[in-house]
Amino acid sequence: MRPTHWLYTLPLRIRSLFRWNRVEQDLSEELQYHLEQKSRELVAAGFSPEEARREALRDFGGLEQSKEICRDARRVSYIQDFLQDLVFGVRMLRNSPAFALVAILTLALGIGANTAIFSVVHGVLLRPLPFPKQDQLMMLWEKDKDGTRSNTSYATFIDWNRLNHSFDGIAAISFWTPTIIGTRDAETLTGFRVSSSFFDLLGVRLAQGRNFLAAEDVRGNNFVVILSYGFWQRRFGGDPAIVGKSLQLGTRSYTVVGVLPDNFPSVLSFDPRRAADIYTPLAYDATLPYACRDCRHLRAFARLKDGISKTQAEAEMNQISANLFREYPTEYSASGVILTPLKDYLVGDVQTALWILLGSVGFVLLIACANVANLLMAWAARRQREVALRAALGARRTRMVRQFVTESLLLSLTGGGLGLFLAWGSVVFLHQLRLANLPRLQNVQIDATTFAFTFGVCLITGLAFGLLPAFRASKLDLNESLKESGKSTAGKERHRLRSMLVFADVALALLLLTGAGLMMKSFVRLLEVKPGFDPSHALTLTMSLWGPKSEDAPAVAFYDQVLQRVRAIPGVKAVGIVSQLPLGGNLDMYGIHVEGKTLPNPEEDPSADRYSISPGYLRAMRIPLLSGREFEARDVAASPKVVLVNETMALKFWPGEDPLGKRLRMGDTKGPWRTVVGVVGDVLHRGLDAPHTLQIYLPTAQFTDSTAVLAVRTETDPIAVAAAVRSEISSIDPQVPVSGVATLDEVVSASVANQRFTALLFLLFGVIALLLTAVGIYGVISYGVSQRTHEIGIRLALGARRREVLGLIVGEAMRPALLGALLGLFAAFGLSRLLTNLLFNVKPTDPPVFAAVLLLLVGVALLASYIPARRATRVDPMVALRHE
Amino acid sequence: MSKPSDLVQGTLDLLLLKILALEPMNGYAISLRLRQVSGDVLQVSDGSLYPALHKLEQEGWITAEWKPTENNRRAKFYSLTPPGRKHLEKESANWDRLSAAISGVVKLKEA
């Protein structure tokens, strides 16, 4: 339509909509004028005034129909109808507040849970990373002999960079934990050393300052840093002149050259809760001892060139890797690379769990819909006479369906609005509690997309549960329902529909509860796992040495002093030092070369978790000594090198032999021999659900780290001694930063945060499903019973015993419930397989869980039908007989 | 009852637009004019006149305004809008082609 056209039509539409009364009045007046003129003409032709009036009307032919067509011509009638329906719907709902409340709350629960989970799925999985062309970003790994991905080394990284034609560039990253010294407390930072192309490859534009220069990625020129936005705000209050200032990191002064933007995700942090604070250039060169080809401690990532696919890049890199393997056969254990899209790498583990949760919460919504549909049908049945009256007055069926659908949309949108609040509350809760260490959790929020999702869900659910009752209600037999007694024959079909709803409710609830049951059992099993140490009554904290004090000898002296002072604190039973805490999230591993048992290619020798410990550590952690001796004060740097091994290691290398006195080398093949002096129990390092690994222990004095964890065994509440321990440490050296103060219980608990989170959500959905099902069955049965009060009265009056009547009613409810349970069992049997990867020590078809869930659900169904049935049979037969 | 306006769809619209192209008019005057110009050949019932007028108004071809009549009663006067005028030109050209074609067919001598 031409735009000029709108000039004429738009004001008309607006007028029709908002000045409806005025427009109607105009129409009447216009027609009135016509009739008057016509009458006058007829009177002039000799008719009497009354005859003329009648004749004029007759000539007109259907004044009301004419008006109606004129109204339709205004093209806004559907909006007016809708508004009318809406007003009418609100009035109807206000007249049945109990019905409205139950329906809206049910929907709010269903929609709210869906919105909350969707916002998590959207924030974590769907929302793109804030990098341009993020699909081109790939993590790059060496392929291990067993096909798993492994970090790479500087030498390999250089070769990859030099030889490939597939990538715009490859960047390497390693961890960096500098200590910042200043006017405020010394603090250990989380950071990365990155090759200078890192930020360019990601496509990040700095909020302030500039990127690293290639010239700064060289040893000696590398004393520059880029700060994360959060760290800049936290430590420097967002100082706008920070660029160009210098920071004291350990013994060195570094110049700030840039600040990252606020939305820059700390993509390569292992623990999403500990985002990187600071970045510095990698600045390796090939002469460094840790730049060797088998010093695999760098992570690499790359950006594909435009037009190059992942497969093409993989093929080229595999070729390069095969050539390198041929050239350095003893420094690689296998040839090949693995490319992982950056986003998959970030969210890898939680992906399955989140999708399954979204699916489950969808089932919750289905149950909610079934319940509300049932409520609506009962409600519609109570409005039979209203519907019949409207039909008799000439309302078209589509018009009535529209009325009912408007009402159900009103319900679903109100429920959805409330649900949005629920979801918003749970997201705030999720952020505050930090229940899980989900990657990208900070992206989870209720935003426009979530809002659109919720709105869509409301529309779909409104139609889903509204259409069926609407069609049924509008398809009434007029004569039947206008008669007061239509009730007793309302019968069969509606009853069958309600049975189907019970059936669906129970089937879906069983499916959900099985999932919840399996997840809970798995989580309980996980918590039952003995980590190999005693987590109760123990305090841990991390000390980070820096500068000259981090050299081996002063560090050992410092640790000895700390041990002495802490041991003297009242309430401390034992104290020890370790380089990395089991379940603490660090993965420090070294290759192990056992005398007489090395492989031809030493690269293929296995790796073990390496712990440097002080005497007393085993007692502080209550790790059992199985044979041999503990480390003692005599195991110093100059004394013979000794080592403890764990049980798994002893069994692997010396089955049936005495491991004591055997020797091994650690790290490279030219290091000193270390003699096994004892065997200790296994501890779980990677997680309670992880398999046992090889583990070796060295005396701190013979292998010293600048960062150490203090483990303090206490008599009572470990937090009570925390302050005393801290003050002892700072009285020795106030410049040593102390971090990560936590009880050992908390450390273990944090290691299962994700499993706990998932299990809790499953439990929550299961409980909601159970509640909704109970309410649903209760609603169906009490409505059915109320419809049959008359019949029950006759039965009782004729001498039926209450127990028989009770059995009859409960039996009718239980038949669809049991059938539903059966179908639910089959479905659960098929679908629980999806959970396999999330379950620990529980089969997805665990019979006890299935049986328990079945019993629970049948019990709830029995109770939900027994209560209304009992109430019905308690009525006085005479009252029931008179009941209409 | 067979109404001549049923004959060709849109005929009534065309007639109304044409009548209003000459001068603005109220509904009653239009009904008189219709009878007058077409003799009694085109009988348009009053009941279908007003819906047709309202439809044309809502489509933007004609516009209405309340004005006093000669005998000082308020009446709704319709007049053509500029888009309505263009529409009329297009429609009457169409009509010419259509009627020429139909009369051509009707006048064919039987073989």
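What you see is a predicted model; the values in this text were computed from it and never measured.

*Asks:* Is there a simple way to explain the overall build of chain A in this structure?
*Replies:* Helices and strands together make up the secondary structure of chain A, namely 27 helices and 24 strands. Relative to the 2.2 N^0.38 estimate, which gives 29 Å for 884 residues, the radius of gyration of chain A is 38 Å and therefore markedly larger than a compact globule would have. Considered along the principal axes of its C-alpha atoms, chain A spans approximately 135 × 80 × 55 Å. Sorting the 884 residues of chain A into buried and exposed places 40% on the buried side.

*Asks:* Can you walk me through the overall build of chain B in this structure?
*Replies:* Check the secondary structure of chain B and you find 4 helices and 3 strands. The order of helices and strands in chain B, counted from the N terminus, is α-β-α-α-β-β-α. Out of the 111 residues in chain B, the part that is buried amounts to 33%.

*Asks:* Could you clarify how one ought to interpret the interface of chain A and chain B in this entry?
*Replies:* The parts lose accessible area when they come together, and the size of an interface is often stated as this lost area. Across the contact, 23 residues belong to chain A and 20 residues belong to chain B. Of all the secondary structure elements, the ones that give two or more residues to the side of chain A that touches chain B are α1 (3–18), α2 (20–44), α3 (49–60) and α4 (63–73) of chain A. If you tally residues by element for the side of chain A that touches chain B, the top one is α2 of chain A, at 7 residues. Among the residues forming the side of chain A that touches chain B, the class breakdown is 8 nonpolar, 8 polar and 7 charged.

*Asks:* How should the domain arrangement of chain A be read in this particular structure?
*Replies:* All names here are of chain A. On domain assignment, one finds that chain A holds domain 1 (3–75), domain 2 (82–127 + 351–482), domain 3 (148–333), domain 4 (491–531 + 753–884) and domain 5 (547–734). Taking only C-alpha atoms, the centre of domain 2 and the centre of domain 4 are 22 Å apart. Tallying the contact residues gives 25 residues for domain 2 and 31 residues for domain 4. Elements that contribute at least two residues to the side of domain 2 that touches domain 4 include exactly α6 (97–126) and α12 (350–382). The leading source of residues in the side of domain 2 that touches domain 4 is α12, at 19 residues. Of the residues that constitute the side of domain 2 that touches domain 4, the class distribution is 19 nonpolar, 6 polar and no charged.

*Asks:* Teacher, can you tell me more about the packing of helix α1 (residues 11–22) of chain B against helix α4 (residues 82–106) of chain B here?
*Replies:* Packed helix pairs are specified by the crossing angle of their axes together with the interaxial distance, meaning the distance between the axes. All names here are of chain B. Interhelical geometry of α1 versus α4 gives an angle of 125° and a closest axis separation of 10 Å. By the criterion of interaxial angle, the relationship of α1 to α4 is oblique. Note that α1 runs across α4; the crossing there is left-handed. In this structure, α1 uses L14, L17, K18 and A21 to contact α4, whose residues at the interface are G84, R85, H87, L88, E91, S92 and W95. The class makeup of the residues in the contact of α1 with α4 is 5 nonpolar, 3 polar and 3 charged.

*Asks:* I'm lost on the sheet that holds strand β2 (residues 62–68) of chain B in this one. Help?
*Replies:* One key point about sheets: their strands pair by backbone hydrogen bonds, in either a parallel or an antiparallel sense. Residues and elements named next belong to chain B. Strand order in the open sheet formed by 3 strands is β1-β3-β2, with antiparallel pairing between adjacent strands. Where the open sheet ends on each side, the last strands, each with one partner, are β1 (25–26) and β2. Two strands pair when backbone bridges link them, and β2 and strand β3 (residues 74–80) are joined in this way by 7 bridges, in the antiparallel orientation. When the sheet's bridge partners are listed, W66 is paired in β3 with K76.

*Asks:* Got a minute to help me understand the pairing of strand β14 (residues 538–544) of chain A in this structure?
*Replies:* Along any regular strand the residues' side chains alternate between the sheet's two faces. Residue and element names in this part refer to chain A. Counting buried residues along β14, 5 of its 7 residues qualify, which places the element largely inside the surrounding structure. Across 7 bridges, β14 lies against strand β23 (residues 707–714) in antiparallel orientation. When the sheet's bridge partners are listed, L539 is paired in β23 with V712. As paired elements, β14 and strand β24 (residues 738–743) share 4 bridges and run antiparallel to each other. Bridge pairing in β24 places M543 opposite V738.

*Asks:* Honestly, the confidence of the model for chain A in this entry has me stumped. Any pointers?
*Replies:* Atom-level detail of predicted coordinates should not be read off regions where pLDDT is low. Per-residue pLDDT for chain A averages 86, and the proportion of residues at 70 or more is 95%. The low-confidence segment residues 484–490 of chain A, where pLDDT is below 50, has 8 contacts with residues more than four positions distant or belonging to other chains.

*Asks:* Any chance you could explain unusual backbone geometry here in plain terms?
*Replies:* Backbone geometry follows two general trends: most residues other than glycine have a negative phi, and most peptide bonds adopt the trans configuration. Residue and element names in this part refer to chain A. At K133, a residue that is not glycine, the phi angle is positive and equals roughly 45°. Note on placement: K133 falls in the loop between α6 and β1 (137–143). Exposure remark for K133: the 12 C-beta atoms within 10 Å place this residue in the exposed category. In this structure, N841 takes a positive phi of about 60° despite not being glycine.

*Asks:* Help me understand the nonpolar core in this model?
*Replies:* Within soluble globular proteins, side chains that are nonpolar tend to cluster in buried spots. Residues and elements named next belong to chain A. Residues V364 and A769 are the most contacted members of the largest nonpolar core, which totals 104 residues. Here this core gets 23 residues from one element, more than from any other, and that element is α12. Both domains that furnish three or more residues to this core are identified here as domain 2 (82–127 + 351–482) and domain 4 (491–531 + 753–884). With residues near it in sequence (within four places) discarded, V364 still touches G110, A113, L512, F765, I768 and A769. Counting 58 residues, the second largest nonpolar core, distinct from the first, contains F533, I623, V643 and A742.

*Asks:* Is there a simple way to think about the environment of F199 of chain A in this case?
*Replies:* All names here are of chain A. Of note, F199 is situated in helix α8 (residues 198–202). Note on F199: 20 C-beta atoms within 10 Å, which makes it buried. Spatially, the C-alpha atoms of F199 and V427 are 31 Å apart, while their sequence positions differ by 228 residues. For F199, the contacting residues outside a window of four places in its chain are V204 and N211.

*Asks:* Hey, could you run me through the pairing of β23 of chain A in this one?
*Replies:* All names here are of chain A. Counted residue by residue, β23 has 7 buried out of 8 residues, so it is predominantly covered. Of the pairings in the sheet, the one linking strand β15 (residues 572–578) to β23 comprises 6 bridges and is antiparallel in character. Looking at β23, one finds that A574 is bridged to R713.

*Asks:* Would you take a moment to explain α1 of chain B for this structure?
*Replies:* The α-helix winds at 3.6 residues per turn, so residues separated by three or four positions along the chain end up facing the same way. Residue and element names in this part refer to chain B. Helix length check: α1, at 12 residues, gives a terminal C-alpha distance of 17 Å against a target of 16 Å (1.5 Å per residue), a fit within 8%. What α1 keeps buried is the set L12, D13, L15, L16, L17 and L20. Tucked inside the fold, the buried residues of α1 contact β1, α2 (27–38), α3 (46–59), β2, β3 and α4.

*Asks:* What is the right way to read the environment of L463 of chain A from this model?
*Replies:* Residues and elements named next belong to chain A. Turning to its location among the elements, L463 is positioned in helix α15 (residues 448–474). Judged by C-beta crowding, with 16 C-beta atoms within 10 Å, L463 ranks as partly exposed. The sequence separation of L463 and S412 amounts to 51 residues, and the corresponding C-alpha distance is 8.9 Å.

*Asks:* What exactly am I supposed to notice about the packing of α4 of chain A against α3 of chain B here?
*Replies:* Contact geometry for α4 of chain A and α3 of chain B: axes closest at 9 Å, N-to-C directions at 10°. Looking at the two axes, α4 of chain A sits roughly parallel to α3 of chain B. On α3 of chain B, the residues touching S66, I69, C70 and A73 of chain A of α4 of chain A are G47, Y50, P51, H54, K55 and Q58 of chain B. Its residues assigned to classes, the contact of α4 of chain A with α3 of chain B shows 5 nonpolar, 4 polar and 1 charged.

*Asks:* Explain the confidence of the model for chain B to me, please; I cannot follow it from the model alone.
*Replies:* Residues and elements named next belong to chain B. Of all residues in chain B, 85% attain a pLDDT of 70 or more, and the chain-wide mean is 82. pLDDT under 50 marks residues 1–7. Its contacts with residues more than four places away, or in other chains, come to 10 contacts. Across the interfaces of the predicted complex, the ipTM metric reaches 0.86, alongside a pTM of 0.72.

*Asks:* What is the right way to read the environment of G203 of chain A from this model?
*Replies:* Of note, G203 of chain A is situated in the loop between α8 and β7 (208–209). Residues G203 of chain A and P130 of chain A, 73 residues apart in the sequence, show an inter-C-alpha distance of 9.0 Å.

Basis of the calculations
- Residues numbered from 1 in each chain as written.
- Chains lettered and ligands numbered in written order.
- Predicted model: local features only at pLDDT ≥ 70, side-chain atom pairs only at ≥ 80, totals over all residues.
- Helix = DSSP H or I, 4+ residues; strand = E, 2+ residues; numbered from the N terminus.
- Rg over C-alpha atoms; globule rule 2.2 N^0.38 Å.
- Buried ≥ 20, exposed ≤ 12 C-beta atoms within 10 Å, placed from the backbone.
- Contact = placed C-beta atoms within 7 Å.
- Nonpolar A, V, L, I, M, F, W, Y, C, P; charged D, E, K, R; others polar.
- Domains from an automatic or database assignment.
- Axes fitted to C-alpha atoms, helices over the stretch in contact; angles between N-to-C directions.
- Parallel < 35°, antiparallel > 145°, perpendicular 65-115°, else oblique.
- Left-handed = near helix turned anticlockwise from the far one by under 90°.
- Pairing = 2+ DSSP bridges.
- pLDDT = per-residue confidence, 0-100.
- Core = buried A, V, L, I, M, F, W, Y, C linked by C-beta atoms within 7 Å.
- Expected span 1.5 Å × (residues − 1).

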